[in-house]
Amino acid sequence: FRKNKPAAAPLLLVVGFVFTGLALSLIESRDVSPDRISHMYEQGIVSASDSVELTGTIDGQPEPAPQSFYLTLKAERIRLRGGEERDAAGTILLLTHVRDQQLAHEYEALELRHGARLRLLLTLDREDNFRNPGVLPFTEYLEREGYDATGVIKSPLLIERLDDERVFLPLALLYEWREHLQRRIHYLFSPETAGVLDAALLGNHYNISLGAAERFRAGGTFHVLVISGFQIAFIGGLLLLVVRWFTKRRILQVTFAATLLWTYTIAVGADASVARSAFMFTVVLLGPLVSRRAHTLNSLGGAATALLVWHPNDLFDPSFQLTFISVLSIVTIALPLISRMQQVGSWRPAHETPYPPAVPGWFRGLSETLFWSEREWKTEMARSNIRYRLFKTTWAISLERWRLQKLLRFATNAIVISASVQIGMLPMMIIYFHRVSFAALLLNIFVGGLMALLLLMAVAATLISMLSGGLAAPLKMITEKIDWLMIHAVDPFKWLGIDSIRMPHYRGWMVGIYVLYFLVLGLLVIGLARWKPLRLNEPAKRTLAQRSLVIATATFLLLAITIVGHPFSGDRPDGNLHVDFLDVGQGDSALLTMPDGTTLLIDGGGRPNIDWQKTDEIDDSESFERDARSVGERVVSEYLWGRGLDRIDYVLATHADADHIDGLNDVVRNFKVRGAIVARTPVDDPGYRRFAEAMKEMRVAVERIGAGDLMRFGSVSAQVLWPTASGDDNAPSRNNDSVVLRFNYGESFILFTGDVEREAELAMLAAGLDLRSDIVKVAHHGSKTSSVEPFIDASEPSKAIISVGRSSIFGHPNKDVVERWRASGAQVMTTGQSGTISVVTDGHKLQLNTYVR
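Residues numbered from 1 in each chain as written. Predicted model: local features only at pLDDT ≥ 70, side-chain atom pairs only at ≥ 80, totals over all residues. Heavy atoms only, no water.

Draft legend 1. Expanded view of empty space enclosed by the protein. Per the counting criterion, the structure on display carries 4 cavities of 30 Å³ or more. Of the volumes computed, that of the largest cavity is approximately 80 Å³. The wall of the largest cavity is formed by F581, D588, S589, A590, I602, D603, T654, F752, T753, G754, K777 and S803. Elements represented by at least two residues in the lining of the largest cavity include exactly β12 (589–593) and β13 (599–604). (1 Å grid on protein atoms, 1.4 Å probe; cavity = no way out; pocket = protein on both sides within 12 Å on 5 of 7 lines; lining within 4 Å. Points joined across faces, edges and corners; volume = space filled by probe spheres on them. Helix = DSSP H or I, 4+ residues; strand = E, 2+ residues; numbered from the N terminus.)

Written as structure tokens, this is what we have:
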């Protein structure tokens, strides 16, 4: 085909590539051994409630985290509850809590290291705890990370240390070196700085503080904390520079530098982004040895092909996609644009380019400002027999005289590169992170430079500290200051409110807008590659090309605005009342969408009020809060974004317990909220205080309600049944102070009961309130302290919905409570078993659907 039909050759190559990848992907997906832990879960052989005895070998060194550490275990044997023992395979991520020094010493005595064989008693987890539309399933997360299940080691007494597996000694020494370096970093630097260095230098993200991580995300610079092209290029260049001090032979320089770079890559885990960067850097190094200059696109394509052959399903991994799209954007957008600017800016008459560039005046002026050198041109004129005059922008002459031109050129190039990456990754950033950062255009330059300086200072301080702590002290101080400046660089943008915005993504057939975005961007990239501003074109061809470019650019801008503005992402009002009870585990959260489109979020989930890790020796005010996504962020917000929403009209906190109110703090920060509704304002309560601070920060007005109040949302009314109004601004907001609401739309009634207990239920009955409802959200997650029989009889529901996780640390729901509701004739459903429970009514008929079919 290449010989007779050249146009068909590329198409056939692409088709062959796609079908080969599909075949490899099917092989990878179906090649699951019956002994795999994931397969046992799918077959029901292992469940989350079962205690199992697992035998396996530690892969890699333990990864330290605040008051804990993580182990990666390669499974070998498993003993099930009935005593059956069988072969097992798969990778398990284990978390171990270390709350005091005594426990730390006990774990150290076990000598947990790479290759150690263990027998443990624990429960494995592979359950999807939060099953809602738009929320990433836990099983999908595990598959992306390469784990079959997770588990928690509750005590060193549950670990039996067996023999050591034979390991590759250089690899074991490499892991030990990494562990020693990590300990040294934590000894030298503050927890926040050490956490940043752990992530950026050693690939351990467990020690990043929540505050630092949020600032990096808001500034669009979180990628500097992930070992990728930036760090690999920095480390590879540093290694090459050091090796050149010892030898002048090119082949030895490349061999030693590449070997050390790949050694580092293996030590930090060899993730896709790291392996890709190391591969490309190696190709660039090897090019001159064979008298070839490495082509960036070929290097990128080779790296992608090698990684996809090894793991074909990485094609659907967000990390893989973002890694390659970012580099591809730089190669196909930024570098060609910078090259064209250089050609235009430095143009002077020559045989091949006799006429000035045919470009807009603003582009020529900008290019000349950055790239025209009056000094070089005058030197050339002094040596030439030909004399002529050129009219260039005076800015270029002035900036060159003031020695500012190179600095401005560097800054502009960096902005072009940063903008190109943002353009290329725009749809992916919205789909995966629901965030667009405006500050990233400038901060990527600043933070990237600071990160390179931080790594250099930190490595120097670490090496010098082995000789003298006094000599290392100034470098330590400089490292700490650089880290602080890098983390807080986004603060000015945040104060001005221009750091970043959160937004939903499109669903259903509207996802085609993202495909169209990349198609039009591809056309612009092709046009940029073919654009030769110094080449003489026929006027007719030039006019046609310019018109095509204008049309493509206008279409691209329209698509970008449609994606960022998302005017078509949300559902249109359909005249029905929609109530969605979300699966937030141990907690409550429900979204009501009124017939006119008004939205009300009742509670937002959160962590339970009990903290099993808390002891008398731990001071919460000084404890390190590591980066971990809360229920309000990773469940409630993700669900709302999945619905195409960027605003919630009202949020209502039934009471101040953390598993009800904490998630609302994330919602008001991620969405535009008109107002908040509460019954009590106990500023002395830690949960409510955090809520009040979030409302104040986001300028959301807080309205108080009490029994007897009536709220109207268009044609829907909500009667407040409980608690009674209080004149005390600091009145408590406990379970029995929960807001109880009875919604009415037409002939349909829905009752929300918060966490009220027996006393409040009896008080409402004594007041003679009408509790009859079609659907009741059962109080207090089905606890035995609620749902007294008279209250159940008075409500007369057809459906009783319990908001609770698949497994509750409190034992919810109580069996007797469930039986009482069933005995009344109600169908009992739990969010843990059904996922999101959706109710739709037109005011006459009720329709109920569950996320888990």
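After presenting the structure, the write-up continues.
Draft legend 2. Region of the structure containing the nonpolar core. Grouped together as the largest cluster of nonpolar side chains are 48 residues, with contacts concentrated most on I185, F189, V196, F216, L225, M451 and M486. Those elements giving two or more residues to this core turn out to be α5 (169–188), α6 (191–202), α7 (210–218), α8 (229–246), α9 (250–267), α10 (272–286), α17 (440–465) and α18 (469–487). Here the element with the most residues in this core is α17; it accounts for 9 residues. Each residue touching I185, except ones within four places of it in the same chain, is listed here: A194, L197, D198, L201 and L202. (Core = buried A, V, L, I, M, F, W, Y, C linked by side-chain atoms within 4.5 Å. Buried < 20%, exposed > 50% of the residue type's maximum accessible area, 1.4 Å probe, protein only. Contact = heavy atoms within 4.5 Å.)

Draft legend 3. Looking closely at the sheet that holds strand β21 (residues 775–777). Pairing is mixed in the open sheet, where 7 strands are placed in the order β17-β18-β19-β20-β21-β22-β23. Each having just a single partner strand, β17 (710–713) and β23 (827–830) make up the two edges of the open sheet. Adjacent strand axes in the sheet meet at a mean angle of 20° when their direction is disregarded. Bridge count for strand β18 (residues 716–722) against strand β19 (residues 740–745) is 5 bridges, and the pairing is antiparallel. (Pairing = 2+ DSSP bridges. Axes fitted to C-alpha atoms, helices over the stretch in contact; angles between N-to-C directions.)

Draft legend 4. Spatial organisation of the packing of aromatic side chains. Going through the model one piece at a time under the given rule, you end up with 16 aromatic pairs. Ring geometry for Y688 versus F691: centroids 5.7 Å apart, planes at 45°, classification tilted. Here Y688 pairs with F691, and both are found in helix α24 (residues 686–697), just 3 residues apart, close to one helical turn. Here Y688 and F691 have matching classes, each one buried. An aromatic cluster is present here, built from W362, F363 and W531 joined pairwise through their rings. Taking the ring centre of F222 as reference, the NZ or CZ of R217 above it sits at 4.6 Å. We note K392 situated over the ring of W372; from NZ or CZ to the ring centre the distance is 4.6 Å. (Phe/Tyr/Trp six-rings, centres within 6.5 Å; stacked < 30°, edge-to-face > 60°. Lys NZ or Arg CZ within 6 Å of the ring centre and 35° of its normal.)

Draft legend 5. Representation of the side chain of D649 in the model. You can see D649 is positioned in strand β14 (residues 647–652). At 2.9 Å, the side chain of D649 forms a polar contact with the backbone nitrogen of T599. Dropping the residues within four chain positions of it, D649 is found in contact with G597, T598, T599, V673, R674 and G675. (Polar contact = N/O pair within 3.5 Å; in protein donor to acceptor, adjacent residues only side chain to side chain.)

Draft legend 6. The arrangement of the layout of surface pockets in detail. Quantified by volume, the second largest pocket comes out at close to 1,400 Å³. Taken together, 36 residues form the lining of the second largest pocket, with G527, L528, W531, L549 and T553 sitting closest to its centre. Elements that contribute at least two residues to the lining of the second largest pocket include exactly α12 (318–345), α13 (361–371), α16 (405–433), α20 (512–530) and α21 (539–565). Among the elements that line the lining of the second largest pocket, the one with the most residues is α21, at 10 residues. Within the lining of the second largest pocket, the residues separate by chemical class into 24 nonpolar, 7 polar and 5 charged. (Nonpolar A, V, L, I, M, F, W, Y, C, P; charged D, E, K, R; others polar.)

Draft legend 7. Structural context of the packing of α13 against α16. Relative to each other, α13 and α16 sit at 125°, their axes nearing to 8 Å. Between α13 and α16, the interaxial angle falls into the category oblique. Of the residues in α16, those touching α13 at E368, T369, L370 and F371 are Q405, L408, R409, T412 and N413. Partitioning the contact of α13 with α16 into residue classes produces 3 nonpolar, 4 polar and 2 charged. (Parallel < 35°, antiparallel > 145°, perpendicular 65-115°, else oblique.)

Draft legend 8. Up close: α6. Taking burial as the measure, the 12 residues of α6 include 10 buried ones, the bulk of the element. Taken together, the buried positions of α6 are occupied by T193, A194, G195, V196, L197, D198, A199, A200, L201 and L202. Looking at the buried side of α6, the elements it contacts are α5, α7, α8, α9, α17 and α18. Count one or two residues on from α6 and you reach G203, which has phi positive near 80°.

Draft legend 9. View of the sheet that holds β13. Across the sheet, 8 strands lie side by side as β16-β15-β14-β13-β12-β11-β24-β25; this open sheet has mixed pairing. Of all the strands in the sheet, the pair left with one neighbour each is β16 (701–704) and β25 (846–850). Looking at each pair of strands side by side, their axes are set apart by 20° on average, direction ignored. With 4 bridges connecting them, strand β11 (residues 577–581) and β12 associate as antiparallel partners. Bridging from a neighbouring strand, D580 pairs with L591 of β12. Contacts from helix α22 (residues 631–642) reach β11, β12, β13 and β14 within the one sheet, and its direction differs from that of β13 by about 160°.

Draft legend 10. Region of the structure containing the packing of α5 against α17. Two numbers describe how α5 lies on α17: the axes approach to 11 Å, and their chain directions differ by 95°. In terms of axis orientation, α5 runs roughly perpendicular to α17. Of α17, the residues touching α5 (which contributes L181, R184 and L188) are A461, T462 and S465. Grouping the amino acids of the contact of α5 with α17 by side-chain chemistry returns 3 nonpolar, 2 polar and 1 charged.

Draft legend 11. Up close: the environment of I325. Note on placement: I325 falls in helix α12. When the C-alpha atoms of I325 and R249 are compared, they prove to be 36 Å apart, with 76 residues separating the residues in sequence. Once residues within four sequence positions are removed from consideration, I325 is found in contact with G424, M425 and M428.

Draft legend 12. Quick peek at the pattern of salt bridges. Evaluation of the coordinates by the stated rule reveals 41 salt bridges. For D163, the salt bridge goes to R117, with nearest N and O atoms at 2.9 Å. One end of the pair, D163, is in strand β8 (residues 159–164); the other, R117, is in strand β6 (residues 116–125), with 46 residues separating them in the sequence. Looking at R117, the relative accessible area reads 14%, which means it is buried. (Salt bridge = Lys/Arg side-chain N within 4 Å of Asp/Glu carboxyl O.)

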